[in-house]
Amino acid sequence: MCEPDTKPDAASENYVYDPSRLSGAQCMGDACVVCHAKWPRPRRVLGELPDGSHAYGCDECAGIIGHQPVSAGGPLIAAR
Ligand SMILES: [Zn+2]
């Protein structure tokens, strides 16, 4: 692998899932693309499908794969 050390910060939002590796429910956004959980209904956009529809995941899995939960008014770790 020749991945660069630096990650483009927009990359995670444009992660494209391979629909052939997802179940029908996952493709439809009815199940988490990570853990297949259908309830609670996955509401976080973890990426997208090649046809442009969104791939959804639950909050827990969003945290696991590195999506930061959007907390209203929360401090961003940007200052040094
Ligand atoms: Zn999940």
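Criteria and cut-off values
- Residues numbered from 1 in each chain as written.
- Predicted model: local features only at pLDDT ≥ 70, side-chain atom pairs only at ≥ 80, totals over all residues.
- Heavy atoms only, no water.
- Patch = residues over 30% accessible without salt bridge, like charges linked within 9 Å, V, L, I, M, F, W, Y side chains within 5 Å.
- Areas by Shrake-Rupley, 256 points an atom, 1.4 Å probe, with all protein chains shown as cover.
- Salt bridge = Lys/Arg side-chain N within 4 Å of Asp/Glu carboxyl O.
- Helix = DSSP H or I, 4+ residues; strand = E, 2+ residues; numbered from the N terminus.
- Donors = N, O, S within 2.8 Å, 3.2 Å for Na, K, Ca; no water.
- Tetrahedral: all angles 85-135°; square planar, octahedral: opposite > 155°, others 65-115°.
- Polar contact = N/O pair within 3.5 Å; in protein donor to acceptor, adjacent residues only side chain to side chain.

Right, let's talk about a nonpolar patch on the surface for a bit. A cluster of nonpolar side chains, Val34, Ile64 and Ile65, forms an exposed patch at the surface whose accessible area comes to about 270 Å². With respect to the helices and strands, the residue Ile64 is situated in helix 2 (residues 59-64).

A few words on the coordination of the zinc ion. By definition of the ideal shapes, four donors in a tetrahedron about a metal sit 109.5 degrees apart, and six donors in an octahedron sit 90 or 180 degrees apart. Bound to the zinc ion on the protein side are Cys32 (SG), Cys35 (SG), Cys58 (SG) and Cys61 (SG), at distances that span 2.2 to 2.3 Å. One way to put it: the four donor atoms around the zinc ion meet at angles of 102 to 115 degrees, and that makes the site tetrahedral. The sequence pattern formed by the donor residues of the zinc ion is C-x2-C-x22-C-x2-C. Linking Cys35 in the loop between helix 1 (24-27) and strand 1 (44-48) with Cys61 in helix 2, this pair joins segments that are 26 residues apart in sequence.

On to the side chain of Gln26, then. Turning to its location among the elements, Gln26 is positioned in helix 1. In this structure the side chain of Gln26 is engaged in a polar contact, spanning 2.8 Å, whose partner is the backbone nitrogen of Ser23.

On to the pattern of salt bridges. Scanning the entire structure with this criterion turns up two salt bridges. Residue Asp30 pairs with Arg41 through a salt bridge whose shortest N-O separation is 2.9 Å. Taken as a pair, Asp30 in the loop between helix 1 and strand 1 and Arg41 in the loop between helix 1 and strand 1 lie far apart in primary sequence, 11 residues in all. With a shortest N-O distance of 2.8 Å, Asp59 and Arg44 are connected by a salt bridge. On the criterion of sequence distance, the pair formed by Asp59 in helix 2 and Arg44 in strand 1 is long-range, its members being 15 residues apart.

It is worth stressing that arrangement in space is one thing and function is another; only the former is reported here.
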